[in-house]
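Each chain is listed here by its residues.
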Amino acid sequence: MAMHVPKSYFQNMMKDGTKHLSGMHEAVFSNLEACTELYKTIKTCYGPKGLNKMVINHLSKLFVTNDAATIIKELEVQHPAAKMIVLASQQQESECGDGTNFVMILAGALLEKAQDLLIDGLSPSEVIKGYEMAGEKCLEILETLCCHTVPDVKNREGIIPIIRTSVASKQDGYEDFLAEIIADACVSIMPTKRTFNVDHVRTCKILGAGVLSTTSLQGMVFRRTVESDITSVRDTKIAVFSCPFDIGTTETKGTVLINNADELKNFSMDEEKLIENQVKALADAGITCVVSGGKVGDMMMHFANKFNIMVVRLMSKWDLRRLCRSISATALPNLT
C-alpha cells in the first residue's frame, strides 16, 4: 500500500496557488532568463540608430518609440526579478532624466555573462564577489577617462557639447541645432543657489514647418487665442484669476418680483452697472490684461473690450500656476 507524501511545510504555510522555487535550476536560472529576455527586447532600441518599438497598453493606446523608459512603463512587467531591473531604470530616470536604456542593457549583459559562469561551475556568491570587485575597479578607471569638464554651468559654449551628446540619441542629425536652442533656454533660467528645475523649460508644439523652425522664447507660450478683441499688449500689468471672469451667482435660489416694465429695465441696468464697475476698477488700477481660469461671461467681455483690456482664458490649472510663477503673480480666487 502506497504511503501519502505530504507537501513541504513551507508550501503548507502559504495560500493555494503559491509557487515555491528552490535550487540552482528552478530559482536562479529562471530569474536570469526572465531578465535576459527583457534585456534582449530593449537593447535593439539603444543608440541614435536604435529601432522603434510598437507597444499597445491595456487601454489600447498605441506607442511607437525607442525610449526605454516609455516602453517598460507600458509593458507592466510582473516578474519579480525583471521588475528589479525596471525599478533600477526608473530610479535612473528620476535621478538623471536619461540613461534608462543603458542601465537595462548593462544589467542584462552582466546577468547574461553570470549565467555562463554559473553553468561553468561557479557558485552565485563567487559571481557576486567578482562583480563587486569589478565594480570597484571600474570606479577607479572611470576617474581617468574624463575627456571634458564643465566648471561653469552658466557658460553656454561649455555646456553645448554635453547637451549634444544626450540629444544625438533621440534626434540624430539635429543635435547641433537643438543643442544650441536647449543651451540658450537652460542658461537663461539657471538658478544660482538652488537646483535646476526641469519644469521651468517647457516645449510647445505648433503644427507646420519642421524641427529647424524651433526657437527659444523668454516667457510663457500657450496654444490658445485670446477671448477679447484686444489681441496684443506691451509692458502690461496682468491680473490673474483662478475663478471664472463673470458675475458671481448666489449659493441659494431667490425670487425677484417685477411688477412693470420699468422695474425689469432697472433690474437689468443694475446688473450691467455692477459688471461695469468691476471692470472699470481693474482698468483704473492700470490692468490691461486679465487671465482667467474659468469661463468668460459675455457681459464681462463687452466691458473688457470697452476699457481696452485683453482677456485670456487658460483651461489648465497647471498652466495657470506656471504663469503665476513666471510673472511672480498670485491667482485670486474671486473678482471682488
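Above this text you will find the structure in question.
So, here is what we can say about the structure in this document.

Calculation criteria
Residues numbered from 1 in each chain as written. Predicted model: local features only at pLDDT ≥ 70, side-chain atom pairs only at ≥ 80, totals over all residues. Heavy atoms only, no water. Axes fitted to C-alpha atoms, helices over the stretch in contact; angles between N-to-C directions. Helix = DSSP H or I, 4+ residues; strand = E, 2+ residues; numbered from the N terminus. Left-handed = near helix turned anticlockwise from the far one by under 90°. Contact = heavy atoms within 4.5 Å. Phe/Tyr/Trp six-rings, centres within 6.5 Å; stacked < 30°, edge-to-face > 60°. Pairing = 2+ DSSP bridges. Disulfide = S-S within 2.5 Å. Buried < 20%, exposed > 50% of the residue type's maximum accessible area, 1.4 Å probe, protein only.

Describing the packing of helix α4 (residues 80-96) against helix α5 (residues 100-119)
Geometrically, a packed helix pair is captured by the angle between its two axes and the distance between the axes.
Part 1 of the reasoning: The geometry of α4 relative to α5 is characterised by a closest axis approach of 8 Å and an angle of 150 degrees between their N-to-C directions. Crossing handedness for the pair α4 and α5: right-handed. Taking contact as the criterion, the partners of I85, A88, S89, Q92 and E93 in α4 are, on α5, T100, V103, M104, A107 and L111.

Examining the packing of aromatic side chains
Part 1 of the reasoning: Applying the stated criterion across every chain, the model contains 1 aromatic pair.
Part 2 of the reasoning: Aromatic side chains F241 and F245 sit 6.4 Å apart centroid to centroid with 25 degrees between the ring planes, which places their arrangement in the stacked category.

As for the sheet that holds strand β5 (residues 310-313)
Strand pairing in a sheet relies on backbone hydrogen bonds. The paired strands run either parallel or antiparallel.
Part 1 of the reasoning: Overall, parallel pairing links the 3 strands, which are arranged β3-β4-β5 in an open sheet. In the strand order of this sheet, the two ends are held by β3 (237-241) and β5, each with one partner. Averaged over all pairs of adjacent strands, the angle between strand axes in this sheet comes to 20 degrees, irrespective of strand direction.
Part 2 of the reasoning: As paired elements, β3 and strand β4 (residues 287-292) share 5 bridges and run parallel to each other. Across the sheet, the residue bridging to K237 is I287, located in β4.

Description of the state of the cysteines
Part 1 of the reasoning: If you walk through the whole model with that rule in mind, you get 0 disulfides.
Part 2 of the reasoning: Here C146 is not cross-linked by a disulfide; its sulfur's nearest cysteine counterpart is in C147, at 6.2 Å.

Some points on the side chain of N101
Part 1 of the reasoning: Here N101 is to be found in helix α5.
Part 2 of the reasoning: Under the relative-accessibility criterion, N101 is labelled buried at 9%.

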